[in-house]
Every structure is written in structure tokens, then in C-alpha cells.
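Fold and contact review
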Amino acid sequence: MTEKVSIDCPYPGCFFCVMKEGNPSKRRASILKFFRELPSQDNDGQVLPISGLWNTAMAHPSDPEFIELGIFECMAALIWKGLKNRRWLSHDQNIYIPYYAAHIIGSYTMNMEEFAESSVHAGVIPPLVELLRGRLTWVEQRVAVRALGHLATYPNTFPAVASHFEILELAIQLAMSSLEIVYSHFYQYVDTRLSYHCDLLTRGTVGVEMESRKAEEWASQLQCWSLQLVNCFAFKPEYLTTICKPEFLVKLPGMWGGLVNENSPAGIGLLRTICHHKLGRGLVVSCPGIIEALCNIARSSDDWQYMAIDCILWLVQDPITCHKVIEKAVPTLLDLAEITTLRDHKKLGDTIVTALQECIQSQGTGRNTINHHTKEQIEELLNSRQRLKWEKSMPKEDLHIKQAAALVVKLEGNSLFSSGNISGAASKYSEALALCPVRFKKERVVLYSNRAQCHLLLQKPLAAISDATRALCLHNPVNRHAKSLWRRAQAYDMLGFAKESLLDAILFINECSHSNDPDLSSRQNKVPGYAERLVKKQMRAAWLFREAAIKHGGVQCEGDAGDMYGQETDYSEWETASESDIGDDGRDQMGDDDYGDDSEWNNEDERKERYDKHSIKACAR
């Protein structure tokens with residue numbers, strides 16, 4: 001190391017002293033020597049420079065200095081040492097070193113392909129594979145799959161990763177079992193948690209609750225990064241038969257990243273990659289239940305919606321798979337046909353209409369024939385598009401006459417609703433939709449949303465979801481109509497779809513907090529009590545470790561989620577309010593595209609007492 005050592009430093013030639021060297025050439029020479037000698041040293045205090053390198057890699061992942069001086073060779077050697085020398089690993093704080101070493105490799109290969117190539121030449125893949133196998137613990141698996149996922153992303157380093165074919169199998173198994181592994185090895189039993197796991201998760205913050213929350217986040221990352229690694233293989237058709245095993249495919253729609261990794265494509269992102277290939281599409285349609293799951297996600301108001309829509313469209317546009325999915329896909333595509341722009345998808349509704357039109361035109365005989373009802377549904381959509389073209393040539397006066405007529409019928413529907421004739425109100429809203437010009441989107445949003453509320457009260461959740469989705473697609477901006485979000489959240493709740501209900505309820509709350517409505521201006525960021533109750537209920541039902549907890553007999557630690565599965569739960573607490581009981585007179589102001597008056601937002605106890613026979617009770621999943 002450097003010849004000059006601070007008299008205050010207890011470790012002669014330590015890394016931190018090296019970094020203080022003012023002479024650049026001496027500094028580089030000392031760092032190079034440090035990386036070469038560190039794996040062979042057995043002195044105490046090695047974890048300190050490794051944690052310092054971890055901080056540097058996190059803060060400056062594109063800095064080439066340490067790459068040029070041999071950090072990858074050093075980290076690979078340290079992982080091997082931890083795997084082969086358990087005496088050394090258990091000494092002092094060396095147990096942390098393999099984790100930090102794999103994390104450093106992942107950080108430096110995250111953005112720079114040339115760094116990734118250097119790491120492969122340095123031999124990082126074999127020790128990372130050993131960690132992926134579970135030679136240590138799930139904590140090291142997490143950083144190993146992260147690093148391998150980065151290496152698999154680049155064209156020049158993917159072959160090196162793929163040459164270890166077991167990586168794909170291991171990543172698939174880890175994606176399916178990661179939540180159970182973390183639950184059973186960490187979350188479930190507080191008294192048996194490894195101390196270094198707790199330290200890594202909380203970074204020194206003390207508390208069982210913090211440890212449990214971070215465990216959920218890390219378990220989610222472990223699953224998402226495993227999926228990302230599998231996704232890299234899925235771009236190559238030769239790996240699809242390995243990936244598309246029924247036991248794995250059927251789980252993919254449910255891998256949402258635990259509602260923690262909101263930027264992760266999750267299981268639907270992998271399905272999208274699979275469906276991009278002809279071979280993949282054939283394997284997907286043979287998996288029971290997957291089309292229904294795709295349709296649910298395609299209706300959702302989240303970052304994965306467009307991925308599910310892509311999957312469905314590709315399956316419908318493929319003549320080989322079309323007849324297998326068309327009957328299940330058509331209702332969803334009809335609900336989405338009014339959508340305009342979604343993320344990078346321009347004129348998405350036109351794409352949907354074109355795809356359905358081509359299905360009609362290309363239908364054959366026998367097994368490729370579309371049934372009569374499905375054909376009628378598609379033709380009805382095509383007629384509405386033709387109706388829009390006719391409207392463009394109609395005099396404005398005629399359009400406004402039709403608009404006024406629709407308004408009159410809507411008001412009749414509102415009156416029937418207020419008198420308790422919910423079925424009659426729904427019929428009037430349908431009549432108004434038939435009258436209302438297609439181009440008047442704002443009016444149609446209200447009509448669809450009102451009819452959705454009627455369907456809720458008539459205990460028709462599927463019809464309510466359909467109408468609420470249509471209203472959300474028509475709304476500008478898309479998926480931001482608060483009442484429709486709330487109504488669909490309740491409909492999903494009735495069906496037991498906790499995640500879908502949770503997402504809509506959260507978005508509803510977000511819309512309330514950002515509303516410009518003058519009635520809400522003095523209540524910015526206030527969460528409606530009924531929405532808060534639904535969110536809490538669904539957070540329990542959509543809990544990341546739910547299946548693992550049920551499998552292992554409940555939770556043995558504190559926490560709301562644990563309480564749900566460790567003992568009997570009284571679901572009556574989570575009874576949710578329908579908007580029919582939150583107006584001034586105990587009813588929603590159905591005809592107005594607003595939130596009613598102030599009484600909707602205060603005195604929840606009073607509102608509960610005014611519950612009538614049309615209230616909707618939350619269904620426990």
C-alpha cells in the first residue's frame with residue numbers, strides 16, 4: 001500500500017488510507033495492489049472497505065477507475081472464498097462480504113455494457129451462479145439474480161450467461177418460490193432471523209416492523225429480478241419451451257411485484273415478451289385461465305395495462321390463436337375500444353377496432369368460426385364507428401338536438417334512481433347512450449358511470465366493470481374519472497379481485513386529493529373514510545405473503561397482515577360504502593359529473609346509519 005499511513009488508522013495500508021493518497025499514479029498502484037491482495041488476506045476489518053466500495057458503486061456506477069484496476073476479479077474471488085471457506089465466512093463480519101461483492105458487480109454492470117464485458121472476462125458468472133443456487137441464503141440470491149439479470153441484458157454478454165443453462169431454470173424456480181422462501185426463512189419467525197439479514201435490510205434501523213416491511217420489499221425485488229432474468233431469455237425463441245411450462249405460465253399474471261416494485265414489468269411483462277413470438281402465443285393459449293387473467297389486467301388502470309392489451313391483440317391477430325381466444329377477448333376489447341392514447345400507443349382504440357374487423361373478415365368454417373353472439377358484438381362496435389362518421393356530416397343543430405334528447409332521458413334515469421327503481425334507471429341510461437352522439441364523450445362518460453352504479457346495486461359486478469371501464473377509456477385524461485374508479489373498485493371487490501380493487505381504490509383516492517372541484521378545494525389530501533376502509537381491506541387480501549402464510553399456517557409475528565392470517569378476522573369492519581349512500585339525502589347525485597355536496601365528506605357515522613337496502617357489502621376473498 002502507500003508508504004505513508006495515518007497514525008490514527010488501526011489497519012496499516014487500509015483502503016481508506018489508499019484513497020487519500022494525493023499522487024494519482026501512487027493511488028492507482030495502491031488500489032491495484034489492494035484489489036489483488038484482499039482475497040488472500042485473513043485479517044479483521046475486511047468488511048469496512050467492501051462496504052465502502054459498495055457505497056461507491058451505488059453512487060458512481062459509471063466510473064471506470066475501479067473496473068480498470070481489477071475490482072471484478074477481486075469481488076469474484078471474495079465470493080468464492082465465502083463459498084469455500086466457511087470458517088473465514090463466519091469470522092468477524094465476513095458474512096456480509098459475499099452480499100456486498102455481488103451487489104458491487106450488479107451496480108457496475110447496471111448501465112455500462114463495456115463494464116459487463118469486463119466482468120465476464122473477470123469470471124464473475126460462475127460464483128454468481130453458485131449464489132443463485134442458494135449456496136448461502138436468499139439475501140445473496142437476491143443480489144446474484146440482479147447482477148446476472150444485468151449481464152443477460154446486453155447482446156455481447158448474454159451468450160456467456162446463457163452458456164450456463166441452469167441459470168434459466170434457477171431463475172424460473174426462484175420467481176415461483178421467492179415469496180415462500182423469504183416468508184418461511186425470515187418473515188414468519190422473528191426469533192430465528194439472522195442478525196446480518198436484519199442489519200442489511202434495515203441499515204441499522206432497529207425494529208421488527210421495519211424488518212418485516214423491508215422483507216416484503218426485498219422479496220418483491222427477488223421475484224421481479226428473477227422475472228427480468230427470465231425475460232432476457234424469452235427474447236430468444238429457442239428458450240420458450242423451457243419457459244412456457246404450464247405450472248409457470250399460470251402463475252405469471254399474478255406476479256405483480258407485490259405492489260412494491262411499481263416500475264417492474266412483473267409477470268405481465270414476461271408474458272408480453274412471450275406473446276411477441278408465434279411459438280410463445282401457441283404455448284400461452286394452451287394454458288388454462290391465462291386469457292381471463294390477461295383480460296382483467298387489460299382493464300386495469302395501472303402501468304401494466306398496455307402490456308396486457310398488447311398480448312391480447314397479438315393473440316387475436318394471429319390466425320392460429322385467434323379462434324381460441326376471440327370469445328373471451330371480445331368483451332374486454334369492446335370495453336377498451338374508445339381508448340385513444342395509452343403511454344406510447346397512439347390511437348389504440350383504432351387498432352383494437354381494426355383487429356376485430358379483421359377477425360370478422362377472415363373467419364373461416366369449422367373450428368375457426370366466430371360464434372353468432374361474438375360476431376354481433378363486434379358488428380355493433382363497427383356500427384358505432386360508422387355512426388361517428390355519419391355524425392361528422394350531420395348539421396351541428398341536429399347533433400345538439402340528439403344531445404338534448406339524451407339529457408332528458410338521463411334526467412329521467414336520475415329520477416328513477418332516486419325513487420329506488422334501479423333497474424328502470426339502468427334502462428334509461430342505456431336509452432340515453434343510444435341517443436347521445438358518439439362524439440360527446442363527456443356526456444357518455446357520465447352515462448356509462450351512472451349505469452355502472454346501477455349494475456353495482458343490482459349485484460351485477462361484471463356489467464359494472466364493463467361500464468366503468470368504458471367511462472374510464474372515454475375520459476380525458478384516460479383512466480382518471482374518479483367515480484368510475486370507485487365503482488369499479490367496488491365491483492372488483494364483489495368478485496374477490498383484491499389487487500384490481502386495491503389499484504382502483506388507490507387511484508380514486510389520488511384523484512380526490514388532486515381534484516380542482518370547488519367543493520373539495522378546502523379538503524385537499526383528505527382521504528374519504530369509505531375508500532380508506534376498502535384500501536385497508538384489500539391491502540390485507542392482496543398481501544405479498546398471503547399464499548405463503550396460508551401454506552405455512554399463519555404468521556407468527558406482529559403486524560396487520562399477520563393478524564389477518566394468524567387468527568379469525570371480522571370482515572364486518574370492512575363493509576364499504578356505495579356512492580348511493582353518500583349524498584345529502586343518502587344517495588349519490590347520479591346525473592352530475594361531480595362528487596355531490598359537502599355532506600359526502602363528513603360524518604361517516606351518520607352516513608352508516610343511513611345505509612339502505614341498496615348498500616353494497618364488501619365480499620371477503
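Further up the page is the structure itself.
Anyway, here's the lowdown on the structure attached to this text. Quick caveat, the model's predicted, so the values are computed rather than measured. (Residues numbered from 1 in each chain as written. Predicted model: local features only at pLDDT ≥ 70, side-chain atom pairs only at ≥ 80, totals over all residues. Heavy atoms only, no water.)

Let's shift gears to the overall build of the protein chain. Broken down by element type, the protein chain carries 33 helices and 0 strands. Expressed as a percentage of the 621 residues in the protein chain, the buried residues total 55%. A separation threshold of at least 6 residues defines the contact pool for the protein chain, and within that pool the share at least 24 residues apart is 71%. (Helix = DSSP H or I, 4+ residues; strand = E, 2+ residues; numbered from the N terminus. Buried < 20%, exposed > 50% of the residue type's maximum accessible area, 1.4 Å probe, protein only. Contact = heavy atoms within 4.5 Å.)

Turning our eyes to something else, we now look at the nonpolar core. Counting 145 residues, the largest nonpolar core has I71, M75, L128, F233, I243, F248 and I274 as the members making the most contacts within it. With 12 residues, helix α12 (residues 166–187) is the largest single contributor of residues to this core. Dropping the residues within four chain positions of it, I274 is found in contact with A234, L240, I243, C244, L249, L252, G280, R281 and V284. Counting 19 residues, the second-largest nonpolar core is a separate cluster that includes L399, V409, C454 and L457. (Core = buried A, V, L, I, M, F, W, Y, C linked by side-chain atoms within 4.5 Å.)

Okay, helix α26 (residues 441–457) next. With 17 residues, α26 should cover 24 Å at 1.5 Å per step; its first-to-last C-alpha distance of 25 Å lies within 8% of that length. Within α26, 14 of the 17 residues are buried, leaving the element largely enclosed by the surrounding structure. Where α26 terminates, the next one or two residues include Q459, which has phi positive at roughly 60°. (Expected span 1.5 Å × (residues − 1).)

Scanning all chains against the criterion turns up 24 salt bridges. Note that R299 and D335 form a salt bridge whose closest N and O atoms lie 3.0 Å from each other. Taken together, the positions of R299 in helix α19 (residues 290–299) and D335 in helix α21 (residues 322–336) put the pair 36 residues apart, joining distant regions of the chain. Classification of R299 as buried rests on a relative accessible area of 13%. The exposure class of D335 is buried, given its relative accessible area of 1%. Close ionic contact of E391 with R387 constitutes a salt bridge, the shortest N to O distance being 3.6 Å. Residue E391 and its partner R387 are located together in helix α23 (residues 372–392), separated by 4 residues, close to a single helical turn. We classify R387 as partly exposed; its relative accessible area is 22%. (Salt bridge = Lys/Arg side-chain N within 4 Å of Asp/Glu carboxyl O.)

Below, the discussion takes up the packing of aromatic side chains. Enumeration over the complete set of coordinates arrives at 25 aromatic pairs. Residues Y492 and F497 carry aromatic rings whose centres are separated by 6.1 Å and whose planes lie at 45° to one another, so their mutual orientation is tilted. Taking the relative accessible area as the measure of exposure, F497 reaches 25% and is therefore partly exposed. Each residue in the set W54, Y96, Y99, Y100, W138, F186, Y196 and W218 is aromatic and connected to the rest through ring pairs, giving one cluster. The ring of W80 has K84 sitting right over it, with the charged end atom 4.8 Å from the ring centre. (Phe/Tyr/Trp six-rings, centres within 6.5 Å; stacked < 30°, edge-to-face > 60°. Lys NZ or Arg CZ within 6 Å of the ring centre and 35° of its normal.)

This paragraph deals with a positive patch on the surface. A surface patch of positive charge is lined by K389, K392, K396 and R439. Note on placement: K389 falls in helix α23. (Patch = residues over 30% accessible without salt bridge, like charges linked within 9 Å, V, L, I, M, F, W, Y side chains within 5 Å. Areas by Shrake-Rupley, 256 points an atom, 1.4 Å probe, with all protein chains shown as cover. Lys, Arg positive; Asp, Glu negative; His and termini not counted. Charge placed at Lys NZ, Arg CZ, Asp CG, Glu CD.)

Spanning 13 residues, helix α20 (residues 305–317) covers 18 Å between terminal C-alpha atoms, matching the ideal 18 Å at 1.5 Å per step. With 11 of 13 residues buried, α20 is to be regarded as a mostly interior element. Where α20 is concerned, the buried positions are Q305, Y306, M307, A308, I309, D310, C311, I312, L313, L315 and V316. The elements touched by buried residues of α20 are α17 (266–275), α18 (278–285), α19, α21 and α22 (348–362).

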